[in-house]
Structures are given as structure tokens and as C-alpha cells.
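# Per-entry structural report
Here is what each chain is made of, one letter per residue.
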Amino acid sequence: MASNQPTEAVVVVPNDDINIPDPGVYKSGTNNGAGVNLTVAAGTGKFLSGESNPAGTGYSNKVALGDVVYEPSTGTIAQVIAIVSEDELTLSAPGVGGTAAFDIYRGNGGASNLKSGNEGFSLFVGTAGDLRVIPASSEEPVDLKNVGNNSYVPLQVIRVFATGTSASDILALK
């Protein structure tokens, strides 16, 4: 494979406040809380301490502020704004549903969702429409009109806005 081709992808959940996370789920589970309180069964979260070398990657899967939580069943996205304990996180609104499965990804921009200086992603748009994005080296949104079905957007972006985006089935490619 050519070295300039993407090797990772993450489903994009358009959001006006949260950057596209880095590809690769590092922690999954089922929420026992509701809304902005993500709680798991006692002793299973290890949100603060992480686990040494999970999945043989050499990295800890300790949760950090700014990490991104997806609820795959609804397409909901939220961001970690506080780590309450080993088994409880506080998320940005709307949080995730009670008894919902969740996946946690590394944030791209940290807790403050920095808008520039972060590595960007090319986009693949499955279903045509408009895109409102923030390019990787900018802080200003850019509107891309009439992006076609099954199109690649070579512009490196860090965020896809919900407001102003009508395209769907979007993948971020890294």
C-alpha cells in the first residue's frame, strides 16, 4: 500500500463543539447511569488507573479529559469533562442513554477542543450534501456545498459541524 493512503478510519458524528476523535476504540462498556453521568459496574471501569498494556498496544487505556464517547446505537456523541472515579465519568450534554453500549476514543484537541494545530482527517462522504468543517490549520469554519455521493474530500479537517451539514455516512480517514 502506498504510504500516502489512509490506514485508519472513524465514523464521523457531526457536532458543533466536539472535534473528530482519533480512530480506534480504546475502551467499551455498558452505561449504568443516564444522561451526562456515565457509570459502569463497580470495579470494571478503571477510568483513572487504566490497564497496563491492554490488547498488547503498549499504551494505557486510562481515560483523559477531552476523550470522546460514542453511543453507537443512536449515533450520540459526548466528551469527557470530568473523571469522577474509577467507574464514573461526567460527559458533555446530552451524554449517553441509560443501559446503552458506549465506545471511548482519544480526543483530537484535548479538553478545550483546540481548533488549530491538530492533525486533520480526509473525509469520505457516502451520501451527498453540504459539509461545514474546520480545516486542520484554521479556526474558521468552511462550507463545502453539494459534495457528491461516494466522494473523497482531500481537505484535512478536525471537525464536522452538525449545523450546516446535510451530508451523511461520513468517515474520517487517517
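Let us look at the structure shown here.

Analysis parameters
- Positions within a chain are numbered from 1, following the residues in the order the chain's sequence is written.
- Totals for whole chains, interfaces and linings use all residues, but because this is a predicted model, local features are given only for residues with pLDDT of at least 70 and pairs of side-chain atoms are given and counted only at 80 or more.
- The side-chain quantities take in all heavy atoms of the structure and omit both hydrogens and water.
- Every helix listed is a DSSP run of H or I at least four residues long, and every strand listed is a run of E at least two residues long, numbered separately from the N terminus.
- Partly exposed describes any residue whose relative accessible area lies between the buried limit of under 20% and the exposed limit of over 50%, with all areas from a 1.4 Å probe on protein chains only and scaled to the type maximum.
- What makes two residues a contact is simply this: any of their non-hydrogen atoms within 4.5 Å.
- Method for areas: the Shrake-Rupley scheme with a 1.4 Å probe, in which residue coverage is limited to the protein chains shown.
- Working definition of a nonpolar core: buried Ala, Val, Leu, Ile, Met, Phe, Trp, Tyr and Cys residues. They are joined through side-chain atoms within 4.5 Å.

### Points about the overall build of the protein
Of regular secondary structure, the protein possesses zero helices and 12 strands. Looking at the protein residue by residue over its 174 residues, the buried ones come to 43%. Put simply, of all contacts in the protein between residues at least 6 apart along the chain, 67% involve residues at least 24 apart. For the protein, the accessible area works out to roughly 8400 Å², and carbon and sulfur atoms hold 52% of it.

### Things to note about the nonpolar core
One finds Ile20, Leu123, Leu131 and Val160 to be the most contacted residues of the largest nonpolar core, which totals 21 residues. Taken together, the elements giving at least two residues each to this core come down to strand S4 (68-71), strand S8 (121-127), strand S9 (129-135), strand S11 (151-160) and strand S12 (168-173). With near-sequence residues (within four places) excluded, Leu131 lies in contact with Leu123, Val125, Val142, Asp143, Leu144, Val147, Val153, Val160, Gly164, Thr165, Ala167 and Ile170. The next biggest cluster of nonpolar side chains, apart from the first, holds 13 residues, and it includes Tyr26, Val40, Phe47 and Leu91.

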